[in-house]
Amino acid sequence: MDAMKKYGFFENRFFPAVFLLLSFAFLLVFSFSTSPLYAYTGFDSATFRTIGLGILQGKLPYADLFDHKGPLAFYFNAAGIGIIPGDWGIFLMQVLFMAVSAYLIYRTDCLFTDRKTAFICVLLLFFPFVDFIVEGNQCEEWMMPFVTLSVYLVLSWMMRGEGLQHSPWCSLFYGISFSVLFFIRPNDAVMSIGSIMLGVFLVLMARKMYGNAALNVLAFLAGCAAVACPIMLYFSSMGILDDMLFGTVFYNIRYADEIPFLSMSWGIIAVCAIIVGGLIWLAARDRKTAVMNYVLIPYLVLTLVFIGKRDYWHYLIPMLPYVSLFFVFCLRYRLRPVVIAISVLFFSGSYYQDRMLVRNILVNKEIKEIYVQTDRLFSLVPEEERNSVWNHDMFSFGESHPRVFSLVGAYFHAGVTPGNRVFIPFHRVNFGEEETLAANAPEWVMALNPDADDPDSRYLRENYTLAASTDDSCPCRIGLYRRSDGTSEETLR
């Protein structure tokens, strides 16, 4: 670090490129679902990429391919696939988004400390990010540039002094960011950006800058509308606005209610409370930095309310700017042991990700074999019918944890998309008869376990014939089935 300072490392105009290199290296190792190092396709990531591919094929999210995330998650994936087919385009977009976010976190840290310390605190973020990234290509990764720039803008304004009005242009950006996050995962919009705008409003009201407060609220609403209106109009023009709102908002209300209160992820809540609560206490020790608490307190309260009940650590990715600031303030008040202890705890908590890394390396060949064989099965279907192959129960295989055999990823790997709208098997329980195999009677079905005792499996056994299956070299037996009243098997190539 002394050498860095001596040679003007932080003043070099190419210094931001360091964040690109760090992001590339980190994602290459830990973004298991998109890194070119692994055959693993992930589960959430495979779902997002499948819908992104479907968009490029002319299918519509929610109406043709359903998942309960906001549409921008799918369109970011579609953009990556459109840039470079397969995983490389998405992977390089991840690198860019992460690098921009890390640089903005660094710039935010520099508001409170020297450049060297700020850079160290950004480097320390790799410990929690290993825990939070899960399989990579999570919704929260696409939010981060909007979150980090919003945090930088609001804190740089707060640190410039008490008499300064807040620029409506910044609030316009907060509004844009709010809508972007809302159309990825609504909860994050409220937590990450709602808390910032609420903090700005409260500060301006406390300073009796009522006119400036009103102007900023209007700018925020204009920013929200600038993103939300085109999206709503687009889905309305496609005749699927209700489908989009159901998938983005109403399905998630039901999804959250499935988890009882006592089954909440108390570990995630504890991390939020300790990190953000600790930052609130440290910021309050200085009159100048205490103003930050107008944002931090709403952020903590809204996060505890809206973070979600499930034990999904990627929900904490938007908290990374505050984790870095927590490190900055600990070092500022000579609490280095706290920084070391928290970093060690984050490192210890990465055991699941470390197991994922090892398991992906150990079974990489087996994962590849599954996709070689499912690619062959898809190739037996006439090309014009491949995007209509029904996914019966293809999601995962094997009882060993962590799970790495993603069967839903077979579709994306083959460059095709499922024929059924609700293609994730466990989502179908929340839909009616219209999403059953019997109601649709597709020509082709791909299945892992046709012998299950459920209505769809019974219908499959009674009305379909096995056309082909994976062989003994595949870790699991997957069958391609054809409707019994369809064309004879002689047409299979």
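In what follows, the structure referred to is the one given above.
Conventions we followed
Residues numbered from 1 in each chain as written. Predicted model: local features only at pLDDT ≥ 70, side-chain atom pairs only at ≥ 80, totals over all residues. Heavy atoms only, no water. Axes fitted to C-alpha atoms, helices over the stretch in contact; angles between N-to-C directions. Helix = DSSP H or I, 4+ residues; strand = E, 2+ residues; numbered from the N terminus. Parallel < 35°, antiparallel > 145°, perpendicular 65-115°, else oblique. Left-handed = near helix turned anticlockwise from the far one by under 90°. Contact = heavy atoms within 4.5 Å. Nonpolar A, V, L, I, M, F, W, Y, C, P; charged D, E, K, R; others polar. Buried < 20%, exposed > 50% of the residue type's maximum accessible area, 1.4 Å probe, protein only. Pairing = 2+ DSSP bridges. Disulfide = S-S within 2.5 Å. 1 Å grid on protein atoms, 1.4 Å probe; cavity = no way out; pocket = protein on both sides within 12 Å on 5 of 7 lines; lining within 4 Å. Points joined across faces, edges and corners; volume = space filled by probe spheres on them.

Just checking my understanding: could you explain the packing of helix 5 (residues 88-109) against helix 8 (residues 139-159) for this structure?
Axes are the key here: two packed helices are described by the angle between their axes and the distance separating the axes. The contact between helix 5 and helix 8 brings their axes to 8 Å, and the two run at 15 degrees. Judged by the angle between their axes, helix 5 and helix 8 are roughly parallel. Taken as a pair, helix 5 and helix 8 cross one another with a handedness that is left-handed. Along the contact surface, helix 5 presents Ile90, Met93, Gln94, Phe97, Val100, Ser101, Leu104, Ile105, Arg107 and Thr108, while helix 8 presents Glu141, Trp142, Met144, Pro145, Thr148, Leu149, Val151, Tyr152 and Leu155. Of the residues that constitute the contact of helix 5 with helix 8, the class distribution is 13 nonpolar, four polar and two charged.

When you look at the pairing of strand 4 (residues 479-483) in this model, what are you seeing that I'm missing?
Looking down a regular strand, the side chains alternate between one sheet face and the other. Burial within strand 4 is extensive, with four of its five residues counted as buried. Relative to strand 4, strand 2 (residues 444-447) is paired through four bridges, and the arrangement is antiparallel. Paired with Met446 across the two strands is Leu480, which belongs to strand 4. In terms of strand pairing, strand 3 (residues 464-469) meets strand 4 through five bridges, oriented antiparallel. The residue bridging Ser469 from the neighbouring strand is Gly479, located in strand 4.

Is there a simple way to think about the environment of Arg376 in this case?
By the element assignment, Arg376 lies in helix 18 (residues 364-379). Considering only alpha carbons, one finds Arg376 and Ala468, 92 residues apart in sequence, at a separation of 9.5 Å. What Arg376 contacts, discounting residues up to four positions off in sequence, is Ser469, Thr470 and Asp471.

Mind showing me how you'd approach the state of the cysteines here?
Formally, a disulfide is one covalent bond, and it connects the sulfur atom of one cysteine to the sulfur atom of another. Summed over all chains, the structure comprises zero disulfides. Here Cys110 stays unpaired: no disulfide links it, and the sulfur of Cys121, its closest cysteine neighbor, is 9.9 Å away. Just so you know, Cys272 is unpaired, no disulfide at all, and the nearest cysteine sulfur is the one on Cys330, 16 Å from it. Owing to a relative accessible area of 1%, Cys272 belongs among the buried residues under this scheme.

Looking at this model, I keep getting lost on the sheet that holds strand 2. Mind explaining?
By way of backbone hydrogen bonds, the strands of a sheet pair with one another, either parallel or antiparallel. Read from one edge to the other, the open sheet built from four strands follows the order 1-2-4-3, with strand pairing classed as mixed. Strand pairing shows two members of the sheet lacking a second neighbour, strand 1 (390-391) and strand 3, which therefore form its edges. Where strand 1 and strand 2 come together, two bridges link them in parallel fashion. Its bridge partner lying in strand 2, Asn391 is registered against Met446. The strands that helix 18 touches are strand 2, strand 3 and strand 4; relative to strand 3, the one it contacts most, it runs at about 130 degrees. Sheet contacts for helix 21 (residues 455-463): strand 2, strand 3 and strand 4; angle to strand 3, the most-contacted strand, approximately 85 degrees.

I tried to follow the packing of helix 8 against helix 15 (residues 320-332) on my own but got confused; where do I start?
In the contact formed by helix 8 and helix 15, the axes pass within 9 Å of each other and the chain directions differ by 45 degrees. By the angle between their directions, the pair helix 8 and helix 15 is classed as oblique. Residues Met144, Val147, Thr148, Val151 and Leu155 of helix 8 touch helix 15, and the partners they reach there are Leu320, Pro321, Tyr322 and Leu325.

What exactly am I supposed to notice about empty space enclosed by the protein here?
Taking a probe equal in size to a water molecule and rolling it over the atoms shows the remaining empty space. Across all of its chains, the model carries three cavities of 30 Å³ or more by this definition. Met98, Ser101, Ala102, Phe129 and Leu320 are the residues nearest the centre of the largest cavity, which is lined by 14 residues in total. Among the secondary structure elements, those contributing two or more residues to the lining of the largest cavity are helix 5, helix 7 (126-132) and helix 8. In terms of residue count, the dominant contributor to the lining of the largest cavity is helix 5 (six residues). Each residue belonging to the lining of the largest cavity can be placed in one class, and the counts come to 11 nonpolar, two polar and one charged. Estimates place the volume of the second largest cavity at around 40 Å³. Lining the second largest cavity, in full, are Asp188, Met191, Ser192, Tyr299, Thr303, Ile307, Tyr315, Leu316, Pro318 and Met319. Every element with two or more residues in the lining of the second largest cavity is listed here: helix 10 (186-206) and helix 14 (293-306). Examining the composition of the lining of the second largest cavity, we find that three residues originate from one element, helix 10, more than from any other. Of the residues belonging to the lining of the second largest cavity, the class tally is seven nonpolar, two polar and one charged.

Taken by themselves, the reported measurements are silent on function.
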